[in-house]
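The chain contents come next:
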Protein chains: 2
Amino acid sequence: PDGAMFDVVVVGAGLSGLSAAELLLRRDARLRVLVLEGKGRVGGRTLTQELPAANGPDLWDLGGQWVGSSQTHVMNLIEELGIEVYPQYTEGKKVHHMGGPAAKVRTYTGSIPSFSPLVLLDFSLFLWKINRLSKSVSVEDPLSSPNALLYDSMTLASFVEKNIWTRELKEELGLCTRAVFGMEPSQMSFLYFLMYSAAAGGVMRLLETSSGSAQEFKIKGGAQHLSERLAERVGRECVRLGSPVTAIWQVTVQSGERGGVTEREALLPNVSWLLLAPISPPQIHTVSLSSAAKLHYQPALPAGRQRLMQCMPVGHMLKFIITYPTAFWREKGFSGEIVARPSKDCPLSATFDATTPKGNAALVGFIAGVQACDWSVKKKEERRDAVVSSLVKYLGPEASAYIQYVEKDWSEEEYNGGCPVNVMVPGMLTFYHPSLRSPCGRVYWAGTETATQWCGYMSGAIQSGQRAALQVLARLSPDCLSQEDRDAAQALENRHKKPASSTGSCCFRAGLALMVLAVGADKSKSSHKWVIILIVVTVTEQD
Amino acid sequence: PDGAMFDVVVVGAGLSGLSAAELLLRRDARLRVLVLEGKGRVGGRTLTQELPAANGPDLWDLGGQWVGSSQTHVMNLIEELGIEVYPQYTEGKKVHHMGGPAAKVRTYTGSIPSFSPLVLLDFSLFLWKINRLSKSVSVEDPLSSPNALLYDSMTLASFVEKNIWTRELKEELGLCTRAVFGMEPSQMSFLYFLMYSAAAGGVMRLLETSSGSAQEFKIKGGAQHLSERLAERVGRECVRLGSPVTAIWQVTVQSGERGGVTEREALLPNVSWLLLAPISPPQIHTVSLSSAAKLHYQPALPAGRQRLMQCMPVGHMLKFIITYPTAFWREKGFSGEIVARPSKDCPLSATFDATTPKGNAALVGFIAGVQACDWSVKKKEERRDAVVSSLVKYLGPEASAYIQYVEKDWSEEEYNGGCPVNVMVPGMLTFYHPSLRSPCGRVYWAGTETATQWCGYMSGAIQSGQRAALQVLARLSPDCLSQEDRDAAQALENRHKKPASSTGSCCFRAGLALMVLAVGADKSKSSHKWVIILIVVTVTEQD
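Every chain is numbered on its own, with residues counted from 1 as its sequence reads. The order in which chains are written sets their letters, starting at A; the order in which ligands are written sets their numbers, starting at 1. This being a predicted model, a pLDDT of at least 70 is required before a residue's local features are given, and a value of 80 or more before pairs of side-chain atoms are given or counted; all residues contribute to the totals for chains, interfaces and linings. Side-chain calculation: all heavy atoms of the structure are included, whereas hydrogens and water are not.

- For chain A, an unreviewed UniProt entry supplies the name Amine oxidase and the organism Denticeps clupeoides.
- UniProt positions are given in the numbering used here, feature names are shortened, and annotations may be inferred rather than shown by experiment. Among the UniProt annotations of chain A, the heading Sequence similarities (unreviewed entry) holds the following wording: "Belongs to the flavin monoamine oxidase family."
- Entered under Cofactor (unreviewed entry) in the UniProt record, the comment concerning chain A runs "FAD".

Overview of the packing of aromatic side chains
For step 1, the next point in the chain: Any two of the Phe, Tyr and Trp rings considered here, Trp counted by its six-membered ring, make a pair once their centres fall within 6.5 Å; the pair's planes then place it as stacked at under 30 degrees, edge-to-face at over 60, or tilted in between. Tallied over the entire structure, the rule returns 34 aromatic pairs over all chains.
For step 2, the next point in the chain: Pairing Trp66(A) with Phe352(A) gives two aromatic rings, centres 5.0 Å apart and planes at 75°, and the pair type is edge-to-face. Taken together, the residues span a long stretch of sequence, with Trp66(A) in strand β6 (residues 66-67) and Phe352(A) in strand β16 (residues 350-353) at a distance of 286 residues.
For step 3, the next point in the chain: Considering the side-chain rings of Phe328(A) and Trp329(A), the 5.0 Å spacing of their centres and the 80° angle between planes classify their relative orientation as edge-to-face. We note that Phe328(A), like Trp329(A), is buried.
For step 4, the next point in the chain: For a Lys NZ or an Arg CZ to count as sitting over a ring, it must be within 6 Å of the ring centre and within 35 degrees of the ring normal. Its guanidinium or amino end placed over the ring of Phe334(A), Lys93(A) lies 4.4 Å from that ring's centre, counting from NZ or CZ.
For step 5, the next point in the chain: Positioned above the aromatic ring of Tyr89(B) is the side chain of Arg330(B), whose terminal nitrogen or guanidinium carbon lies 3.5 Å from the ring centre. Counting from the N terminus, the helices are the DSSP runs of H or I reaching at least four residues and the strands are the DSSP runs of E reaching at least two. Think of it in three bands: residues with accessible area under 20% of the maximum for their type are buried, residues over 50% are exposed, and the middle band is partly exposed, with areas taken using a 1.4 Å probe on protein chains only.

Some details on the confidence of the model for chain A
All names here are of chain A.
For step 1, the next point in the chain: When the pLDDT values of chain A are averaged, the result is 82; 80% of them are 70 or greater.
For step 2, the next point in the chain: A residue's pLDDT is the predictor's confidence in that residue, given on a scale from 0 to 100. A contact between two residues is defined here by any heavy atoms of the two lying within 4.5 Å. Across residues 252-288, where pLDDT falls below 50, the model places 140 contacts with residues more than four positions away in sequence or in other chains.
For step 3, the next point in the chain: Note that residues 498-528 has pLDDT below 50 and, in this model, 76 contacts with residues that lie over four places away or in other chains.

Some words on the nonpolar core
For step 1, the next point in the chain: By size, the foremost hydrophobic cluster in this structure holds 106 residues, and its most contacted members are Phe190(A) and Phe190(B).
For step 2, the next point in the chain: Sequence-distant contacts of Phe190(B), defined by excluding residues within four places in its chain, comprise Ile130(B), Leu133(B), Tyr151(B), Met154(B), Thr155(B), Leu156(B) and Phe159(B). The definition of a nonpolar core used throughout is a set of buried Ala, Val, Leu, Ile, Met, Phe, Trp, Tyr and Cys residues joined through side-chain atoms within 4.5 Å.

Thoughts on the sheet that holds strand β2 (residues 8-11) of chain B
All names here are of chain B.
For step 1, the next point in the chain: Strand pairing is assigned whenever DSSP identifies at least 2 bridges connecting the two strands. With parallel pairing, the three strands of this open sheet are ordered in space as β2-β3-β11. Edge positions in the sheet fall to β2 and β11 (239-240), since each has one partner strand and no second.
For step 2, the next point in the chain: One ladder, built from two bridges, connects strand β3 (residues 33-36) with β11; its direction is parallel. Residue pairing in the sheet places Leu36 in a bridge with Arg240 of β11.

Observations concerning the state of the cysteines
Residue and element names in this part refer to chain A.
For step 1, the next point in the chain: When two cysteine sulfur atoms lie within 2.5 Å, the pair is treated as a disulfide. Following the criterion strictly, the structure yields zero disulfides over all chains and no others.
For step 2, the next point in the chain: The thiol sulfur of Cys346 is not disulfide-bonded, and the nearest other cysteine sulfur, from Cys176, lies at 16 Å.
For step 3, the next point in the chain: Cys346 gets classed as buried once you look at its relative accessible area, which sits at 5%.
For step 4, the next point in the chain: In this model Cys480 remains outside any disulfide bridge; the closest cysteine sulfur is found in Cys238, 17 Å from its own.

A look at the side chain of Ser335(A)
Residue and element names in this part refer to chain A.
For step 1, the next point in the chain: With respect to the element layout, Ser335 can be found in strand β15 (residues 334-340).
For step 2, the next point in the chain: On the accessibility criterion, Ser335 (1% relative accessible area) is buried.
For step 3, the next point in the chain: Here Glu337 takes part through its backbone nitrogen, which lies 3.0 Å from a polar atom of the side chain of Ser335. Identification of polar contacts relies on pairs of N or O atoms within 3.5 Å, with a donor-acceptor requirement for protein atoms, meaning one able to donate a hydrogen and the other able to accept it, and with residues adjacent in sequence counted only if both atoms are side-chain atoms.

Notes on helix α2 (residues 72-80) of chain B
The periodicity of an α-helix, 3.6 residues per turn, causes residues three or four positions apart to be oriented the same way.
Residue and element names in this part refer to chain B.
For step 1, the next point in the chain: Regarding α2, the residues found buried are His73, Val74, Met75, Leu77 and Ile78.
For step 2, the next point in the chain: If you follow the buried residues of α2, they end up packed against α1 (15-27), β6 (66-67), β7 (85-87), β10 (217-219), α9 (224-234) and α18 (458-476).
For step 3, the next point in the chain: A positive backbone phi angle near 70° is found at Gly82, which sits one or two residues after α2.

Comments concerning the pairing of β3(B)
For step 1, the next point in the chain: Covered by surrounding structure in β3(B) are Val33(B) and Val35(B) together with Leu34(B) and Leu36(B), the residues of both alternating faces.
For step 2, the next point in the chain: Crossover handedness for the path β2(B) to α1(B) to β3(B): right-handed. By convention, a crossover is right-handed whenever its connection, traced from the first strand over the helix to the second and viewed with the strands pointing away, goes clockwise.

Comments concerning α1(B)
For step 1, the next point in the chain: Here, expected helix span is obtained from the residue count minus one, scaled by 1.5 Å. The end-to-end C-alpha distance of α1(B), which contains 13 residues, comes to 18 Å, matching closely the 18 Å that a straight helix rising 1.5 Å per residue would cover.
For step 2, the next point in the chain: Looking only at α1(B), the buried set comprises Leu15(B), Ser16(B), Gly17(B), Leu18(B), Ser19(B), Ala20(B), Ala21(B), Glu22(B), Leu23(B), Leu24(B) and Leu25(B).

Some words on the pairing of strand β8 (residues 93-97) of chain A
Along any regular strand, the residues point their side chains to alternate faces of the sheet.
All names here are of chain A.
For step 1, the next point in the chain: Judged by how many residues are buried, β8 sits mostly within the fold: four of five residues are covered.
For step 2, the next point in the chain: In the sheet, β8 pairs with β15 via four bridges, with the strands oriented parallel. If you follow Lys93 over to β15, its bridge partner there is Phe334.
For step 3, the next point in the chain: As paired strands, β8 and strand β9 (residues 106-108) are joined by three bridges and run antiparallel to one another. Across the sheet, His96 pairs through a bridge with Arg106, a residue of β9.

A closer look at the pattern of salt bridges
For step 1, the next point in the chain: Here, a salt bridge means any side-chain nitrogen of Lys or Arg that lies within 4 Å of a carboxyl oxygen of Asp or Glu. Applying the stated criterion across every chain, the model contains 40 salt bridges over all chains.
For step 2, the next point in the chain: Between Glu168(A) and Arg167(A) there is a salt bridge, and its shortest N-O distance comes to 3.7 Å.
For step 3, the next point in the chain: Accessibility expressed as a relative area gives 52% for Arg167(A), which makes it exposed.
For step 4, the next point in the chain: In this structure, Arg167(B) engages Glu171(B) in a salt bridge whose closest nitrogen and oxygen atoms are separated by 3.6 Å. Placement of the pair is Arg167(B) and Glu171(B) together in helix α6 (residues 167-181), with a separation of four residues, close to one helical turn.
For step 5, the next point in the chain: Under the relative-accessibility criterion, Glu171(B) is labelled buried at 14%.

Printed below as a string of structure tokens:
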């Protein structure tokens with residue numbers, strides 16, 4: 001592999017990277033595609049784990065898990081792979097405990113908690129406003145939306161402060177952003193929130209388990225399985241695990257006479273530098289924003305892109321699975337769904353039934369946003385005990401007789417640093433949005449953060465990977481694309497063209513293949529660190 | 001140096017790092033202090049450059065340049081070093097061009113532009129509100145301030161939207177934040193803005209040239225000279241330039257019997273890792289926030305600190321100096337001060353007279369915030385021509401006959417990535433403020449962003465370095481401190497103690513010296529990359 005030539009190098013073997021690689025090869029089997037992944041596994045922010053359960057070991061998701069029928073890209077993939085989904089269990093009473101530890105624990109059925117008439121009115125009006133605004137937002141070009149600059153200059157919290165009158169509903173909205181983003185309403189741009197809702201087809205879809213919504217189905221065998229199957233399609237030999245990419249160079253060889261300087265000569269002056277390339281995350285050619293910021297780029301990325309990557313905070317979320325001998329809550333008429341406000345005693349913000357198709361009873365829950373901030377510094381045992389005692393409080397004493405409690409703090413996951421998604425703070429869309437999907441030289445960006453449909457979800461990851469693959473194919477193998485695909489890729493290129501470019505007179509003409517060098521300095525863990533060098537011969541023509 | 005032992009390693013030879021090193025040695029001359037700096041020069045965000053001028057070459061500042069009599073820490077240093085300051089020239093008419101290219105260019109004298117009575121009323125009320133709020137904010141503990149959570153959940157833009165009625169004043173405020181922070185009002189937390197103003201003693205001090213304000217004096221010979229003189233005091237042999245620190249390890253040696261494991265043994269298992277430490281910025285033991293985020297820490301820093309560092313965007317600012325045969329603007333009754341709104345034709349947001357004590361005429365100007373975003377991607381020549389034509393428009397045709405135009409885009413500066421300061425977006429203070437000055441094991445944080453007086457300024461840099469030095473001295477050489485200093489350091493430790501700690505049962509007792517290893521992998525540019533390893537022997541005692 002060292003010194004071997006590839007046409008396309010995909011950085012990151014999550015859903016977007018593998019979808020990109022798979023589509024590249026499906027459209028043009030001649031392409032030499034290499035996928036480099038820093039972790040020892042595929043799947044990115046999906047992670048399926050075997051746990052002891054009532055009927056023996058079974059599989060649960062510690063990362064992304066839900067899909068919905070409106071999530072075209074992931075549902076198509078699931079169908080293509082012949083994988084099955086099953087609905088989220090929602091029968092029975094839901095527990096709703098807001099207003100602090102002293103407040104009454106309430107239960108309800110249906111999709112809306114049993115609010116008082118005043119809160120219900122507040123809720124209806126707020127929802128109507130948000131939906132109307134979210135429909136007016138263009139996901140592709142959010143700055144073209146009405147009041148874009150105003151909405152991007154305020155946080156979601158500021159909008160809420162102005163447009164929600166009841167304390168109860170404000171609290172409820174905090175809970176929702178915590179569960180959806182792993183963040184508080186104060187931490188994101190209101191325009192970004194509208195765009196994110198618009199990309200899902202409406203704000204309620206982010207929250208609900210109903211048809212078309214984000215929590216409609218789960219994947220039999222777990223969500224990570226999608227990536228494993230994609231990796232098989234790409235070819236396991238083309239997916240290198242434990243291979244973090246540390247730097248991306250696009251070396252421009254100035255050459256009046258084509259080929260006057262060989263590639264090797266162009267590289268040598270910098271080779272000693274390789275040994276000191278950063279150890280940090282991967283990502284290029286279909287790159288997720290969550291970790292691209294720590295890479296070293298040469299030449300430096302445009303200032304806008306750098307600033308975009310440096311300030312898109314990722315959510316803070318711990319997910320836990322707790323398995324039980326029986327789904328005792330179902331027997332008692334509970335659905336297993338609990339929502340609760342942050343408190344000193346209660347770390348969880350939401351739980352759901354997580355019983356598997358094999359009938360192994362379990363609950364899944366989330367410790368998110370401000371709660372994750374407070375609780376992640378405590379010992380695991382302390383968190384577990386607090387979770388269990390909250391479950392006892394809400395579902396009954398049977399909750400203490402669990403089989404296994406397992407949790408995943410995504411803020412500790414290398415190359416992610418958080419979950420589920422990187423969001424934008426105020427001002428980011430205003431100043432840096434054009435660079436979100438704009439290729440930088442030969443580097444194309446993917447990752448669910450760059451999706452236009454179901455941004456932040458597995459479906460968005462797939463869409464973004466496929467979009468990046470089409471962009472690359474339009475350049476490398478235009479003959480393999482349908483006219484429709486070519487038009488779509490062309491439209492993307494045009495949309496992303498900046499009015500002014502910092503690359504100045506450099507013109508990328510020669511279609512030289514990408515070259516990959518393995519840096520062999522650290523073989524100790526049988527892993528390679530990769531520096532990707534894209535050789536671009538600039539043919540300078542004199543008039 | 002390789003393998004040599006030091007008591008304290010300071011990362012970064014800017015004003016805060018050098019102030020820390022200088023104070024450490026002043027209080028305890030026995031300490032072995034090493035300062036590591038990634039750049040080939042000292043001075044951080046100060047940079048003094050020689051330019052051709054009317055009476056031969058002279059010195060100008062392309063980075064931080066102003067000081068004020070209320071900036072105790074920098075004024076004390078200036079006095080100690082026997083350096084002179086001279087006042088910012090402010091005589092004559094100031095040019096004020098807001099409202100877009102078609103608006104009338106106005107001039108005024110004094111400190112407040114000639115607003116209409118309505119705008120003046122709006123301005124007075126707004127200023128009264130801001131000053132009242134800023135006085136109520138505790139810089140040390142901003143979350144204890146009234147309405148802290150509300151103000152940290154909104155941007156400065158949201159507060160302005162609600163509290164300023166006139167378009168003119170909104171525009172003016174945009175200009176002010178652009179000039180002060182290199183950012184737009186939409187990009188920062190309102191509470192952060194209040195805290196920043198409070199640290200300066202009031203919001204007008206950030207803007208004015210009057211006595212005690214931020215733009216009162218300039219430093220003869222340039223601001224970088226302060227760092228050069230400090231470096232001499234520390235000893236040039238103890239300040240290593242071109243030595244970026246790439247990682248910070250705090251190796252904990254578990255040892256029941258003291259000394260059961262030798263240091264070398266503790267290190268060896270990880271040595272191969274050194275070669276792949278990230279190339280990115282320096283910073284520890286008095287570290288500036290602007291670049292600490294890209295370092296690799298082992299063990300990982302607490303989640304709060306990580307998140308704080310990952311999302312404190314730095315301002316975007318280009319500074320230019322343009323030298324002239326004569327200060328023609330003075331002769332025409334202008335002060336040289338221009339403020340202008342962003343436009344397609346005008347890149348500059350503010351200029352000031354920059355004539356030196358030797359009488360070499362010059363203007364200094366700033367392209368900042370949204371203007372920097374738009375103009376930094378253009379060619380230097382295009383920017384220069386637009387600057388010159390703006391100066392011609394505002395000051396007369398003589399402006400085109402300049403001697404030299406030089407500019408510095410701080411977003412391209414390695415280890416800074418921007419200027420003048422890293423600010424906080426909404427929510428950061430709410431969730432992560434406790435980690436701003438909290439030591440992590442043996443790593444102490446400095447940098448102007450951590451200052452409590454004149455945060456963001458040279459004076460704050462010095463204060464923060466001295467504060468970190470006192471914290472370290474309280475640990476290493478308590479006998480060298482006065483009771484007052486010891487009390488101050490103790491108060492800091494107590495304030496920063498978190499209620500819960502993720503380090504669990506680890507206790508740092510043994511005062512083992514810090515060890516520094518040079519990684520000799522890249523000697524090509526006669527530079528070393530450093531990985532700092534702090535060996536901490538944990539003596540586990542059994543009861």
